[in-house]
Amino acid sequence: MSRPDPDSNLRPQSVLVLQGGGALGAYQAGVYEALAANDALPDWVAGISIGAINAGIIAGNAPKDRVPMLHKFWNGLSSELLYRIDERLGFARRAFNDVAAQWAAMFGIPGFFTPRFPLPLPEWPAALDRLSYYDTAPLRQTLLEVIDFDRLNTADTRFSVGAVNMLTGNFAYFDNTERQIGPQHIMASGALPPGFPPVEIDGEWYWDGGLVSNTPLQYVLDNRPSCEMTVYQVDLFSSRGIVPRTMADVAQREKDIRFSSRTRLGTDQSRQLQKMCAAAKRLAKKLPEDLLDDPDLAHLLGCRPAGAVAVMHLINRPEDFETNSKDYEFSRVTVNEHWATGRADAAHSLAHPDWTGRRLKADEIVTFDLAGADPAHPLTV
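Given the structure is predicted, the values throughout are model-derived calculations rather than measurements.

Draft legend 1. Expanded view of the overall build of the protein chain. Tallying secondary structure elements over the protein chain gives 14 helices and 12 strands in all. Residue burial in the protein chain is summarised as follows: out of 381 residues, 51% are buried. Sequence-distant contacts, at least 24 apart, represent 75% of the contacts inside the protein chain between residues at least 6 apart. For the protein chain, the accessible surface area stands at approximately 17800 Å², while carbon and sulfur atoms represent 55% of it.

Structure representation (structure tokens):
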């Protein structure tokens, strides 16, 4: 079996990094549509939870089929019926979103998950793959319909998804440069308890990667090839917010903080490591020849691959009408809005002069947050 080799080509590479966030993942599909329209196709796609599913659809289809397959997946999950109810009755939007979310919680999402009946009680023993409120068996068939796993495992696009070993608590990544990827690896990345059951892989049981880290950016920075890199990091929860006014606001803000990425922390750590590596390279040129094979020097030189990294940070910022249920609110109108917002944010950022005119120093890591910034003062970190 032929698999992509991440170090086989030292040309500049691009990576699409997709966070977990349930129904909010339609934002990521919109971002990809804008990237494809601008011929910014990723060489590597990494995701967690719903980001793993979107990543699988992207890596597991030919470029011309990716947006149609994303539409097929998201149209299959979202409900047109609730969209019509909203139009006819004119419910206040916040109430409508909550009703749509409760519908999903009560009846499930076709092609994704169905409620277990009877619901497991707290002290009711059951097989490990049934310890959840919902059954995700429908998702496996859906993944087989929208992802060509032969292509995913043999094409040029690198693919990585994160999950958590349920027994050890350790983070694990499933990467198509290291193993054959199947539906179970993607399902494991999105197996968020207690809603969804753990997934067994090679005798080990896995839960949603978001339990440890909801964004695979650090994995990308730690395992990237030695080349210049562009990263499109798409987050579904914003770390920045407003002061809560109600208990509902508190619940939503807590979820945003818990699942938002730590982009500044991760990039700062990687930047320091790259500076240390650059200093070690300069030091090596000053050392006598008999010290060049010193293992400590080799360790320092290997601490970070060389190459500048530009990170475009795209964040799905919350709307006033959204509530704590926004990540399981699958109405068609909301899914379409998330998609359109992601497409608009990515198109705006790709055309922004700070992005098109970026000039990075060797081994520099710079993050651009352009879609949510004041146009006169775009934020870079």
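Draft legend 2. Broad picture of the environment of glycine 20. You can see glycine 20 is positioned in the loop between strand 1 (13-18) and helix 1 (26-37). Given a relative accessible area of 4%, glycine 20 falls into the buried group. As a C-alpha pair, glycine 20 and phenylalanine 237 span 217 residues in sequence and 8.6 Å in three-dimensional space. Setting aside chain neighbours within four positions, we find glycine 20 in contact with Ile48, Ser49, Ile50, Gly51, Asn214, Leu236 and Phe237.

Draft legend 3. Up close: the UniProt feature "short sequence motif: GXGXXG" (unreviewed entry) in the protein chain. Mapped onto this numbering, the UniProt entry gives "short sequence motif: GXGXXG" (unreviewed entry) at residues 20-25. Span residues 20-25 is 0% helix and 0% strand, its end C-alpha atoms 7 Å apart.

Draft legend 4. Representation of the packing of aromatic side chains. Evaluated as defined, the whole model comprises 14 aromatic pairs. Seen in terms of ring centroids, tryptophan 44 and tyrosine 219 are 6.4 Å apart; in terms of plane orientation they differ by 75°. Their pairing is edge-to-face. Pair noted here: tryptophan 44 is in strand 2 (residues 44-47) and tyrosine 219 is in helix 9 (residues 217-223), with a separation of 175 residues, a long-range link. Residue tryptophan 44 is classed as buried on the basis of its relative accessible area, which comes to 1%. According to the relative accessible area criterion, tyrosine 219 is buried, its value standing at 12%. The interplanar angle of 80° and the centroid separation of 6.4 Å between the aromatic rings of tyrosine 134 and phenylalanine 196 together place this pair among those described as edge-to-face. Of this pair, tyrosine 134 sits in strand 4 (residues 134-135) while phenylalanine 196 sits in the loop between helix 8 (183-189) and strand 7 (199-201), placing them 62 residues apart in sequence. Judged by relative accessible area, tyrosine 134 falls into the buried class, the value being 15%. Every member of this aromatic cluster is reached through a ring pair, and the members are Phe112, Phe113, Tyr134, Phe196 and Phe330. It is arginine 158 that lies over the ring of tryptophan 44; its NZ or CZ is 3.9 Å from the centre. The ring centre of tryptophan 355 lies 3.8 Å from the NZ or CZ of arginine 358, which sits over that ring.

Draft legend 5. How the structure looks around the environment of valine 17. Its place among the elements puts valine 17 in strand 1. In this structure the C-alpha to C-alpha distance between valine 17 and tyrosine 232, which are 215 residues apart in sequence, comes to 6.0 Å. Excluding its chain neighbours within four sequence positions, the residues that come into contact with valine 17 are Ala46, Thr215, Pro216, Leu217, Val220, Val231, Tyr232, Gln233 and Val234.

Draft legend 6. Seen up close, the pairing of strand 6 (residues 171-175). Along strand 6, 4 of the 5 residues are buried, which leaves the element largely enclosed by surrounding structure. The pairing of strand 5 (residues 158-165) with strand 6 spans 5 bridges and is antiparallel. Paired with serine 160 across the two strands is aspartate 175, which belongs to strand 6. Between strand 5 and strand 6, which follow one another and run antiparallel, lie 5 residues, and glycine 169 among them has a positive phi close to 75°.

Draft legend 7. Molecular detail of the pattern of salt bridges. Evaluated as defined, the whole model comprises 8 salt bridges. Of the charged contacts, one joins aspartate 175 and arginine 158 as a salt bridge, the two residues approaching to 3.0 Å between their closest N and O atoms. Of the two residues, aspartate 175 sits in strand 6 while arginine 158 sits in strand 5, which places them 17 residues apart along the sequence. A residue is classified by how much of its surface remains accessible, and aspartate 175, at 0% relative accessible area, is buried. Taking the shortest distance from any N to any O, the salt bridge between arginine 317 and aspartate 369 comes out at 2.8 Å. Here arginine 317, found in the loop between strand 10 (309-315) and helix 13 (332-351), pairs with aspartate 369, found in strand 11 (residues 365-374); they are 52 residues apart in sequence, far enough to count as distant. With a relative accessible area of 29%, arginine 317 lands in the partly exposed category. The exposure class assigned to aspartate 369 is buried, which follows from its relative accessible area of 8%.

Draft legend 8. Quick peek at the packing of helix 3 (residues 63-77) against helix 6 (residues 137-146). The N-to-C vectors of helix 3 and helix 6 enclose an angle of 160°; their axes lie 10 Å apart at closest approach. Taken together, the axes of helix 3 and helix 6 lie roughly antiparallel to each other. Relative to helix 6, the crossing made by helix 3 is right-handed. Contacts from Met69, Lys72 and Phe73 of helix 3 reach helix 6 at Thr142, Glu145 and Val146.

Draft legend 9. Focus on a nonpolar patch on the surface. On the surface, Trp103, Met106 and Phe107 cluster together into a nonpolar patch covering about 350 Å² of accessible area. Tracing the backbone through its elements, the reader meets methionine 106 in helix 5 (residues 93-107). Assessed through its relative accessible area of 54%, methionine 106 is described here as exposed.

Reading the values: rules and limits
- Residues numbered from 1 in each chain as written.
- Predicted model: local features only at pLDDT ≥ 70, side-chain atom pairs only at ≥ 80, totals over all residues.
- Heavy atoms only, no water.
- Helix = DSSP H or I, 4+ residues; strand = E, 2+ residues; numbered from the N terminus.
- Buried < 20%, exposed > 50% of the residue type's maximum accessible area, 1.4 Å probe, protein only.
- Contact = heavy atoms within 4.5 Å.
- Areas by Shrake-Rupley, 256 points an atom, 1.4 Å probe, with all protein chains shown as cover.
- UniProt positions renumbered as here; feature names shortened; annotations may be inferred.
- Phe/Tyr/Trp six-rings, centres within 6.5 Å; stacked < 30°, edge-to-face > 60°.
- Lys NZ or Arg CZ within 6 Å of the ring centre and 35° of its normal.
- Pairing = 2+ DSSP bridges.
- Salt bridge = Lys/Arg side-chain N within 4 Å of Asp/Glu carboxyl O.
- Axes fitted to C-alpha atoms, helices over the stretch in contact; angles between N-to-C directions.
- Parallel < 35°, antiparallel > 145°, perpendicular 65-115°, else oblique.
- Left-handed = near helix turned anticlockwise from the far one by under 90°.
- Patch = residues over 30% accessible without salt bridge, like charges linked within 9 Å, V, L, I, M, F, W, Y side chains within 5 Å.

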